[in-house]
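Per-entry structural report
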Amino acid sequence: YSKAYKAKNKIVSIIEKYNGFSESAEEEVNKDLYNIGYRSNRLDKKCKDFGENSELLHEAGTGRYDYCVYIVNTSRGAYYHVITYMHFDIPIIGEYMNFAVEGDSRTIYEGMVG
């Protein structure tokens, strides 16, 4: 349970460190997710639509790990919305469940005009 929260917090911290979700940020995210033991990609689903002012930058199920990263543009600047997943295997009933953990970065003002 705590790994999904740790993963979300790591991703948000790295995005803030790089002032965005760049290729370098994605490489560091993957390295850190491996180091904390976050579960590898096991979802066969897509990230949800997050609204007209957002753009999906990383889709769950497309990389090595399950997480979604969106950039959301607002009148005050852009921020990043991150979703990680908690995975539960219930062997007695043969059920596999996952739950989303969501969080946002601070607003990134770099590159704004005005």
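This report concerns the structure included in the present document. (Residues numbered from 1 in each chain as written. Predicted model: local features only at pLDDT ≥ 70, side-chain atom pairs only at ≥ 80, totals over all residues. Heavy atoms only, no water.)

Once that is clear, we can look at the environment of Ile83. Residue position: Ile83 is located in strand 3 (residues 77-90). Residue class for Ile83 comes out buried when judged on its relative accessible area of 2%. For the pair Ile83 and Tyr67, spaced 16 residues apart in the sequence, the C-alpha separation amounts to 5.5 Å. For Ile83, the contacting residues outside a window of four places in its chain are Lys48, Tyr67, Cys68, Tyr70, Ala100, Val101 and Glu102. (Helix = DSSP H or I, 4+ residues; strand = E, 2+ residues; numbered from the N terminus. Buried < 20%, exposed > 50% of the residue type's maximum accessible area, 1.4 Å probe, protein only. Contact = heavy atoms within 4.5 Å.)

Right, let's talk about the pattern of salt bridges for a bit. This structure, assessed with the given rule, holds 2 salt bridges. Residue Glu102 is joined to Lys48 by a salt bridge in which the shortest nitrogen-to-oxygen separation is 3.0 Å. Taken together, the positions of Glu102 in strand 4 (residues 95-104) and Lys48 in the loop between helix 2 (23-36) and strand 1 (54-58) put the pair 54 residues apart, joining distant regions of the chain. Classification of Lys48 by relative accessible area gives partly exposed; the value is 42%. (Salt bridge = Lys/Arg side-chain N within 4 Å of Asp/Glu carboxyl O.)

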